Amino acid sequence: MLLEASGVNVVYQPGRGERIWAVRDVDLSLREGEFVGIVGESGCGKSTLGFALTQMLRPPAVLDSGMIAFRGTDIASLKGDKLRRQRRRGFALVLQSGMNALNPVRSIERHIGDLLKAHPLPGEHWSGEAIRSRGRELMGMVELDASVLSRFPHELSGGMRQRAAIALALALEPELIVFDEPTTALDVIVQAALMDMIKGLQRSRGFTAVLISHDMSVVLDATDRTIVMYAGRIVEDRRSVDMVPDRIHHPYTEALFGCYADPRTDEVVLLDIPGTPPDLSLADHDCSFAPRCTSAIDICFRERPRLCDVGGGRVACHLYSEARREVS
Ligand code: SF4
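Quick caveat, the model's predicted, so the values are computed rather than measured. (Residues numbered from 1 in each chain as written. Predicted model: local features only at pLDDT ≥ 70, side-chain atom pairs only at ≥ 80, totals over all residues. Heavy atoms only, no water.)

It is worth spelling out the site of the ligand at this point. Close contacts around the ligand come from 13 residues, with Cys 287, Cys 293, Cys 300, Cys 317 and His 318 the closest. When the residues that make up the shell around the ligand are grouped by side-chain class, the tally is 10 nonpolar, three polar and no charged. (Near = heavy atom within 4 Å. Nonpolar A, V, L, I, M, F, W, Y, C, P; charged D, E, K, R; others polar.)

Laid out in structure tokens, this is it:
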């Protein structure tokens, strides 16, 4: 297994005594070469989980408890140089907006040079020509002209900036790349081209990818496996090809599915999910989705459902644990 996370809890502590549970009790494994999507409404904890998996959490977010092992090393406990060395060998994060990831007063080539020099392998020396050559190679991978190397972020379009940010993520040849809403704020044509490029890179270079998105259609189209999050918890986890209406299990997944146009069908009927997500500063002793769930039964308001193996995936819903109890 490339990465294993267990019992991960991430808390935001915005002020004295305030605790907001952004990620709750997440257990997750990522295999080598897998392309996994994490989907859910804004505030469901998907980006925070992505930051936790790459050890990029910054205050007021803290990893409250849990273990995150990358190739068997608990990266949650690594700090300073040890974390930098592990990051050099392992994982990268592509942020929502290329502009946020790039320094406005440095050219793209300077970004690449800074990165390579900050993480040299033993005996490696990066001369100006070596950086330029690696830069040209990276620009080719993300389908940008080599002339982009001498340009500054403000001289590039949103799509080009995002490609440059992906080139930076690829520079150290990581085994895992987390893409946090990489196509947000781009128009649909640029979005589709960028996603095609990401899919192509993932297949040709073989890295493990995690795509975080609020857009179910983007996730279903690109990934091998889809994880659905609600109120900080994983509520469903199954192969993307099995995420079709007659096989979906969790009522939230079903509701979410109704909010998006499935590119695999001709019929488009868009629905909304009534109600609002719960207050994440409160403990959840019941099913957080119960007030919005049209299938809720008594136990849903008393007991929190556990994530169980159901039909080739994992689902956290009493409907399935109750059905299993009746059968046994
Ligand atoms: Fe709905 Fe109950 Fe399942 Fe929660 S546990 S999603 S309330 S049926």
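Counting residues in each nonpolar core, the largest one holds 60 residues, and the members touching the most others are Ile 108, Ile 166, Leu 170 and Phe 179. It is helix H6 (residues 158-170) that contributes the most residues to this core, six residues altogether. What Ile 166 contacts, discounting residues up to four positions off in sequence, is Val 94, Val 142, Phe 179, Leu 194, Met 197, Ile 198 and Leu 201. If you look at the next biggest cluster of nonpolar residues, it comprises 31 residues, including Val 8, Ile 68, Phe 70 and Ile 234. (Core = buried A, V, L, I, M, F, W, Y, C linked by side-chain atoms within 4.5 Å. Buried < 20%, exposed > 50% of the residue type's maximum accessible area, 1.4 Å probe, protein only. Helix = DSSP H or I, 4+ residues; strand = E, 2+ residues; numbered from the N terminus. Contact = heavy atoms within 4.5 Å.)

Between helix H4 (residues 108-118) and helix H5 (residues 128-141), whose axes approach to 10 Å, the crossing angle comes to 110°. As far as their axial angle goes, H5 and H4 are roughly perpendicular. For the crossing formed where H4 meets H5, the hand is right-handed. Each of Ile 108, Glu 109, Ile 112, Gly 113, Leu 116 and Lys 117 in H4 lies in contact with H5, whose residues at this interface are Ile 131, Arg 132, Arg 134, Gly 135, Leu 138 and Met 139. In the contact of H4 with H5, the residues fall into six nonpolar, two polar and four charged. (Axes fitted to C-alpha atoms, helices over the stretch in contact; angles between N-to-C directions. Parallel < 35°, antiparallel > 145°, perpendicular 65-115°, else oblique. Left-handed = near helix turned anticlockwise from the far one by under 90°.)

A word on the pattern of salt bridges. Summed over all chains, the structure comprises 26 salt bridges. Residue Asp 64 pairs with Arg 19 through a salt bridge whose shortest N-O separation is 2.7 Å. With Asp 64 in strand E4 (residues 61-70) and Arg 19 in the loop between strand E1 (3-12) and strand E2 (20-30), this residue pair connects regions lying 45 residues apart in the sequence. Here Arg 19 falls in the partly exposed class, since its relative accessible area comes to 30%. Its salt-bridge partner being Glu 32, residue Arg 71 comes within 3.1 Å of it at the nearest N-O pair. Of this pair, Arg 71 sits in the loop between E4 and strand E5 (73-74) while Glu 32 is found in the loop between E2 and strand E3 (35-39), placing the two residues 39 residues apart along the sequence. With a relative accessible area of 39%, Arg 71 lands in the partly exposed category. Given the relative accessible area of 54%, Glu 32 is considered exposed. Taken together, the shared-partner salt bridges in this structure form one network comprising Arg 24, Asp 25, Arg 233, Asp 284 and Arg 304. (Salt bridge = Lys/Arg side-chain N within 4 Å of Asp/Glu carboxyl O.)

On to the pairing of E4, then. Across eight bridges, the pairing between E1 and E4 is antiparallel. Of the residues in E4, the one forming a bridge with Ala 5 is Ile 68. Sheet topology places E4 next to E5; two bridges connect them, and they run antiparallel. Pairing of Phe 70 across the sheet is with Thr 73, part of E5. With antiparallel pairing between neighbouring strands as the criterion, E4 and E5 make up a hairpin whose turn holds two residues, including Arg 71 at a positive phi of roughly 50°. (Pairing = 2+ DSSP bridges.)

A cluster of nonpolar side chains, Val 188, Ile 189 and Val 190, forms an exposed patch at the surface whose accessible area comes to about 290 Å². Along the chain, the position of Val 190 falls in helix H7 (residues 188-205). (Patch = residues over 30% accessible without salt bridge, like charges linked within 9 Å, V, L, I, M, F, W, Y side chains within 5 Å. Areas by Shrake-Rupley, 256 points an atom, 1.4 Å probe, with all protein chains shown as cover.)

This brings us to the environment of Glu 137. With respect to the secondary-structure elements, Glu 137 resides in helix H5. Under the relative-accessibility criterion, Glu 137 is labelled partly exposed at 44%. Taking the C-alpha atoms as reference points, Glu 137 and Gly 66, separated by 71 residues in sequence, lie 39 Å from one another.

Looking now at H5. With 14 residues, H5 should reach 20 Å at 1.5 Å per residue; the first-to-last C-alpha distance of 20 Å fits that figure. Of the positions making up H5, those classed as buried are Ile 131, Arg 134, Gly 135, Leu 138, Met 139 and Met 141. The buried residues of H5 occupy an angular sector of 145° when projected down its axis, which confines them to one face. Buried residues along H5 sit in contact with H4, H6 and H7. Positive backbone phi, approximately 60°, marks Glu 143, located one or two places after H5. (Expected span 1.5 Å × (residues − 1). Arc of directions from axis to C-beta.)

Inspection of the entire model under this criterion finds five aromatic pairs. A centroid spacing of 5.2 Å and a plane angle of 70° characterise the contact between Phe 70 and Phe 91, whose relative ring orientation is edge-to-face. Within this pair, whereas Phe 70 is found in strand E4, its partner Phe 91 is found in strand E6 (residues 91-94), the two being separated by 21 residues in sequence. Summarising the aromatic geometry, the rings of Tyr 230 and Tyr 252 are spaced 4.6 Å apart at their centres and angled 50° between planes, so their arrangement reads as tilted. One end of the pair, Tyr 230, is in strand E9 (residues 225-230); the other, Tyr 252, is in helix H9 (residues 251-257), and 22 residues separate them in sequence. A single burial state applies to Tyr 230 and to Tyr 252, both of which are buried. (Phe/Tyr/Trp six-rings, centres within 6.5 Å; stacked < 30°, edge-to-face > 60°.)

Counting along an α-helix, one turn takes 3.6 residues, and residues three or four places apart therefore face a common direction. Taking 1.5 Å of rise per residue, the 18 residues of H7 would be expected to cover 26 Å, and the 25 Å separating its terminal C-alpha atoms lies within 8% of that figure. When H7 is considered as a whole, its buried residues turn out to be Gln 191, Leu 194, Met 195, Met 197, Ile 198, Lys 199, Leu 201 and Gln 202. Of the surrounding elements, those touching the buried residues of H7 are E3, H5, H6, strand E7 (176-180), strand E8 (208-213) and helix H8 (216-222). Sitting at the head of H7, Asp 187 places a side-chain oxygen 3.1 Å from the backbone nitrogen of Ile 189. (Polar contact = N/O pair within 3.5 Å; in protein donor to acceptor, adjacent residues only side chain to side chain.)

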